[in-house]
Amino acid sequence: MKLKNFSLQGTNDLNFELNNFSGKKLVIYFYPKDSTPGCTNEGIDFSAKLPEFKAKNCEVFGISRDSLKSHENFKKKYDFDFELLSDPEEIACNIFDVIKMKNMYGKQVRGIERSTFVIDEDGKIIKEWRGVKVNGHVDEVLEFLSS
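Residues numbered from 1 in each chain as written. Predicted model: local features only at pLDDT ≥ 70, side-chain atom pairs only at ≥ 80, totals over all residues. Heavy atoms only, no water.

### Let's talk about the overall build of the chain
Thinking step 1. Scanning the chain from terminus to terminus reveals five helices and nine strands.
Thinking step 2. Taking 2.2 N^0.38 as the reference for a compact globule, 147 residues should give roughly 15 Å; the C-alpha atoms of the chain span a radius of gyration of 14 Å, in line with that estimate.
Thinking step 3. Each principal axis of the C-alpha atoms in the chain carries an extent, and together these give about 45 × 30 × 30 Å.
Thinking step 4. When each of the 147 residues of the chain is scored for burial, the buried share is 46%.
Thinking step 5. For the chain, long-range pairs separated by at least 24 residues make up 61% of all intrachain contacts whose partners lie at least 6 apart in sequence.
Thinking step 6. Accessible area for the chain stands at about 7700 Å²; split by element, carbon and sulfur atoms hold 48% of it.
Thinking step 7. Averaged over its 22 positive side-chain charges, the chain has a centre that lies 4 Å from the centre of its 24 negative ones. (Helix = DSSP H or I, 4+ residues; strand = E, 2+ residues; numbered from the N terminus. Rg over C-alpha atoms; globule rule 2.2 N^0.38 Å. Buried < 20%, exposed > 50% of the residue type's maximum accessible area, 1.4 Å probe, protein only. Contact = heavy atoms within 4.5 Å. Areas by Shrake-Rupley, 256 points an atom, 1.4 Å probe, with all protein chains shown as cover. Lys, Arg positive; Asp, Glu negative; His and termini not counted. Charge placed at Lys NZ, Arg CZ, Asp CG, Glu CD.)

Structure representation (structure tokens):
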């Protein structure tokens, strides 16, 4: 599916627009919340392997509904080498259909289902993972990009 252009504010004063990345592959991963254990580990894993993604002409972006200020603090604390995009109005969340009802402490709440998408040079989704388990996931994404 070819994606419509969308724009989000990102860390490091990035004004992300999908159309600005034609000619590159993108890995866009959605995560529930800054500074939580799973999200922290996922960010650390993507950051550690970023040179391998870049070697495949691929940029990585993490998206959650957290504020830009929260993202800046999260990125700085763990020294992530890629930008985080803030989606408080759920623009990208709705495009990628990642908002789900989840159980939290026995209550139903709306939240982001941990998901990763690979977008090709023409802006088409060529692979998606939903309900992602963090351990080993980044290697799985790299493996797909190598195939």
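### Here's the deal with helix 3 (residues 68-78)
Thinking step 1. Listing the buried residues of helix 3 in full gives His71, Phe74 and Lys75. Taken end-on, helix 3 shows its buried residues confined to a sector of 95°, consistent with a single buried face. Seen from the buried face of helix 3, the exposed residues on the opposite side, beyond 90 degrees, are Lys69, Lys76 and Lys77.
Thinking step 2. The elements touched by buried residues of helix 3 are helix 1 (37-48), strand 4 (58-64) and strand 5 (83-86).
Thinking step 3. At the exit of helix 3 stands aspartate 79, carrying a positive phi of roughly 55°. (Arc of directions from axis to C-beta.)

### Digging into the environment of glycine 131
Thinking step 1. Here glycine 131 shows up in the loop between strand 9 (125-130) and helix 5 (137-146).
Thinking step 2. C-alpha of glycine 131 to C-alpha of glutamate 113: the two residues are 18 residues apart in sequence and 5.9 Å apart in space.
Thinking step 3. If sequence neighbours within four positions are ignored, glycine 131 has contacts with Glu113, Arg114 and Ser115.

### A few points about the sheet that holds strand 3 (residues 25-30)
Thinking step 1. The sheet built from seven strands is open, its strands ordered 2-1-5-4-3-8-9 with mixed pairing. Looking along the sheet, the strands with just one partner apiece sit at the ends: strand 2 (15-17) and strand 9. Recorded for the sheet is a direction-independent mean angle of 30° between the axes of neighbouring strands.
Thinking step 2. Judged from the five bridges that link them, strand 8 (residues 115-119) and strand 9 form a sheet pairing that is antiparallel. In the strand pairing of strand 9, phenylalanine 117 is matched with glutamate 128.
Thinking step 3. Helix-sheet contacts for helix 5 involve strand 3, strand 4, strand 8 and strand 9, and the interaxial angle to strand 9 is about 160°. (Pairing = 2+ DSSP bridges. Axes fitted to C-alpha atoms, helices over the stretch in contact; angles between N-to-C directions.)

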